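# Per-entry structural report
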Amino acid sequence: MGYRKKYIVYTVLLLLAAVGMTACGKGEDHREIPEVEKEDTIEIGMSFDTFVVERWQRDRDIFVSKVNELGAQVNVQNPNGSVSEQIRQLEYFIDKKVDVIVVVPIDADSLTEVIGKAKEQGIGVISYDRLIHNANTDIYISFDNEAVGHCMGRTMGKQLTVGDQVIMLSGPLTDGNVIQVNAGFMEEMEKCGIEVIDIAYMDEWKAELAYEYMNEHMDVIREDIQGIMCGNDNLASQVVFALAENRLAGKIIVTGQDADLEACQRIVEGTQFMTVYKPVNQLAERAAQIAVKLAKGEEIEYTETISDGTYEIPYIKLMPEAVTDDNMDEVIIDQGFHLKEEVYINKRKTLEELEGEETIEEE
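Cut-offs and rules
Residues numbered from 1 in each chain as written. Predicted model: local features only at pLDDT ≥ 70, side-chain atom pairs only at ≥ 80, totals over all residues. Heavy atoms only, no water. Helix = DSSP H or I, 4+ residues; strand = E, 2+ residues; numbered from the N terminus. Buried < 20%, exposed > 50% of the residue type's maximum accessible area, 1.4 Å probe, protein only. Contact = heavy atoms within 4.5 Å. Areas by Shrake-Rupley, 256 points an atom, 1.4 Å probe, with all protein chains shown as cover. Pairing = 2+ DSSP bridges. Axes fitted to C-alpha atoms, helices over the stretch in contact; angles between N-to-C directions. 1 Å grid on protein atoms, 1.4 Å probe; cavity = no way out; pocket = protein on both sides within 12 Å on 5 of 7 lines; lining within 4 Å. Points joined across faces, edges and corners; volume = space filled by probe spheres on them. Nonpolar A, V, L, I, M, F, W, Y, C, P; charged D, E, K, R; others polar. Salt bridge = Lys/Arg side-chain N within 4 Å of Asp/Glu carboxyl O. Phe/Tyr/Trp six-rings, centres within 6.5 Å; stacked < 30°, edge-to-face > 60°. Lys NZ or Arg CZ within 6 Å of the ring centre and 35° of its normal. Parallel < 35°, antiparallel > 145°, perpendicular 65-115°, else oblique. Left-handed = near helix turned anticlockwise from the far one by under 90°. Right-handed = clockwise from strand over helix to strand, strands pointing away.

## Some thoughts on the overall build of the protein
A tally of helices and strands in the protein yields 13 helices and 15 strands. Each of the 363 residues in the protein was classed as buried or not, and the buried ones make up 48%. The long-range share in the protein, meaning contacts at least 24 apart out of those at least 6 apart in sequence, stands at 71%. For the protein, the accessible surface area stands at approximately 18100 Å², while carbon and sulfur atoms represent 47% of it.

Rendered as structure tokens:
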């Protein structure tokens, strides 16, 4: 399919003969100017969920940088978690006749109609990180979300024993990834003989809802819970905050995903046990390359497909990796995801404070 727009610019210069005919009988001079073909720049529209989550800011920056490197432009829109606003922004892209649209859907089921409009206009569409349902997008690129759940469950399971109890604080069911992550996690809990006594879904991934849940159930958590699975590191931040307020931080196993900087800091400090590192750099760069290829009508290579509920669509899947204090340097720092001084800044401060106290005692 070709999504590249071409415009042919015709330039005609007409030279007029002198007003009076000379004795030599010279007439008009017609000079033929050749056609000049000019190709406009490929334009890609990208609609995120929100930039409240640190991870999406990283995706945006890498994607835009790579697209620009490939000679194209990106128009980034942020609906701030509003489905209606995301639909409006996608309609704006369609009216603008962009070449390709890349979407991180807020609600996997609400964009089918507007994506259909884009396809009718010959605009390529990429489901980015989250699959848009029943829309027949050109490709879906994401991580293996069940593997994310397995990373969480397997790592937590090694710290717990048969008969222990955990709770799950997940994102909203409108995010199709949540179901896949939860399935992977539950499978690991069953293998380990660990009981999941409650699953709560945080609407629009609002971290404050996780904090409210913790406060409402703190008596049960204090007495009966050994682990808390958090759907992402942003939710984990409020879970750890609530635990800290009750002097339980570091005493209950807390998991997350995305390897946000603050989560990595909590891990080395001992208040969050693990996160899941997803090579966002690879995802964003690969998506950028695919978007430009779609715009040029070039073939996209893939090895798997996935059902969006109605259609089988091409699927490019990247693998995640569990991160704890044991492999923080190897996975996060050595690969340049975060700087060592940033990850360890709070721990270093704590050590310096302890060293200062020891010095005072000696004096």
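The discussion continues.
## A few points about the sheet that holds strand E10 (residues 227-230)
In space, the four strands of this open sheet follow the order E9-E8-E10-E11, with parallel pairing throughout. A strand with exactly one partner marks an edge of an open sheet, and here the two such strands are strand E9 (195-201) and strand E11 (253-255). Each strand of the sheet is rotated relative to its neighbour by a mean of 15 degrees, with strand direction disregarded.

## Digging into the layout of surface pockets
Its boundaries defined by the atoms lining it, the largest pocket holds a volume of some 380 Å³. Lining the largest pocket are 29 residues, with Asp-49, Val-53, Arg-130, Trp-205 and Asn-232 positioned closest to its centre. Contributions of two or more residues to the lining of the largest pocket are made by helix H1 (54-69), helix H5 (176-192) and helix H6 (207-216). When residues of the lining of the largest pocket are assigned to their parent elements, the largest contribution, four residues, is made by H5. Among the residues making up the lining of the largest pocket, the classes are represented as seven nonpolar, 12 polar and 10 charged.

## Describing the pattern of salt bridges
Scanning the entire structure with this criterion turns up 20 salt bridges. Across the pair Lys-191 and Glu-187 runs a salt bridge, and its minimum N-O distance is 4.0 Å. One end of the pair, Lys-191, and the other, Glu-187, are both in helix H5, four residues apart, so they sit about a helical turn from each other. Several salt bridges share partner residues, and in doing so they unite Arg-55, Asp-59, Asp-129, Asp-258 and Lys-278 into one network.

## Focus: the packing of aromatic side chains
Summed over all chains, the structure comprises six aromatic pairs. Summarising the aromatic geometry, the rings of Phe-48 and Phe-51 are spaced 5.1 Å apart at their centres and angled 50 degrees between planes, so their arrangement reads as tilted. Assessed through its relative accessible area of 17%, Phe-51 is described here as buried. Taken together, the ring pairs in this structure connect Phe-48, Phe-51 and Trp-56 into an aromatic cluster. When the ring centre of Phe-337 is taken as reference, the NZ or CZ atom of Arg-58 above it lies at 3.9 Å. Against the face of Phe-51 rests Arg-60, its NZ or CZ located 4.6 Å from the ring centre.

## Thoughts on the sheet that holds strand E6 (residues 124-128)
With mixed pairing, seven strands are arranged side by side in an open sheet as E4-E3-E5-E6-E7-E14-E13. Lying at the two open borders of the sheet, with one neighbouring strand each, are strand E4 (73-77) and strand E13 (304-307). Each strand axis lies, on average, 30 degrees off the axis of its neighbour in the sheet, ignoring direction. One ladder, built from four bridges, connects E13 with strand E14 (residues 312-318); its direction is antiparallel. Looking across to E14, one finds that Ile-306 is bridged to Ile-313. Across the face of the sheet, helix H2 (residues 83-96) comes into contact with strand E3 (43-47), E4 and strand E5 (100-103) while running at roughly 175 degrees to E3. Taken strand by strand, helix H10 (residues 280-296) contacts E3, E5, E6, strand E7 (139-143) and E14, and its axis lies near 170 degrees from that of E7.

## Structural notes on the packing of H1 against H10
Two elements in contact, H1 and H10, have axes whose closest approach is 8 Å; the angle formed by their N-to-C orientations is 40 degrees. With respect to their mutual orientation, H1 and H10 come out oblique. Note on packing geometry: the crossing formed by H1 with H10 is right-handed. Residue-level contacts link Arg-55, Arg-58, Asp-59, Ile-62, Phe-63, Lys-66 and Val-67 of H1 to Val-280, Asn-281, Leu-283, Ala-284, Glu-285, Ala-287, Ala-288, Gln-289 and Ala-291 of H10. The class makeup of the residues in the contact of H1 with H10 is nine nonpolar, two polar and five charged.

## Description of the pairing of E6
Counting buried positions over the five residues of E6 gives five, a clear majority of the element. Residues of E6 alternate between two faces, with Gly-124, Ile-126 and Tyr-128 on one and Val-125 and Ser-127 on the opposite face, all of them buried. With four bridges joining them, E5 and E6 adopt parallel strand pairing. Of the residues in E6, the one forming a bridge with Ile-101 is Val-125. This β-α-β element, E5 to helix H3 (residues 112-120) to E6, shows right-handed connectivity.

## Regarding the side chain of Asn-145
Structurally, the position occupied by Asn-145 is in helix H4 (residues 145-157). Excluding anything up to four places from it in sequence, Asn-145 contacts Asp-129, Tyr-140, Asn-177, Gln-180 and Val-181.

## Points about the side chain of Asp-308
The topology assignment puts Asp-308 in the loop between E13 and E14. Those residues within four positions of Asp-308 in sequence are excluded, and the remaining contacts are Leu-131, Ile-132, His-133, Asn-134, Ala-135, Asn-136 and Ile-313.

## Comments concerning unusual backbone geometry
Of note in this structure, Asn-136 is not a glycine but carries a positive phi near 55 degrees. With respect to the helices, strands and loops of the structure, Asn-136 is situated in the loop between E6 and E7. Judged by relative accessible area, which is 30%, Asn-136 ranks as partly exposed. Unlike most non-glycine residues, Glu-204 shows phi in positive territory, near 55 degrees.

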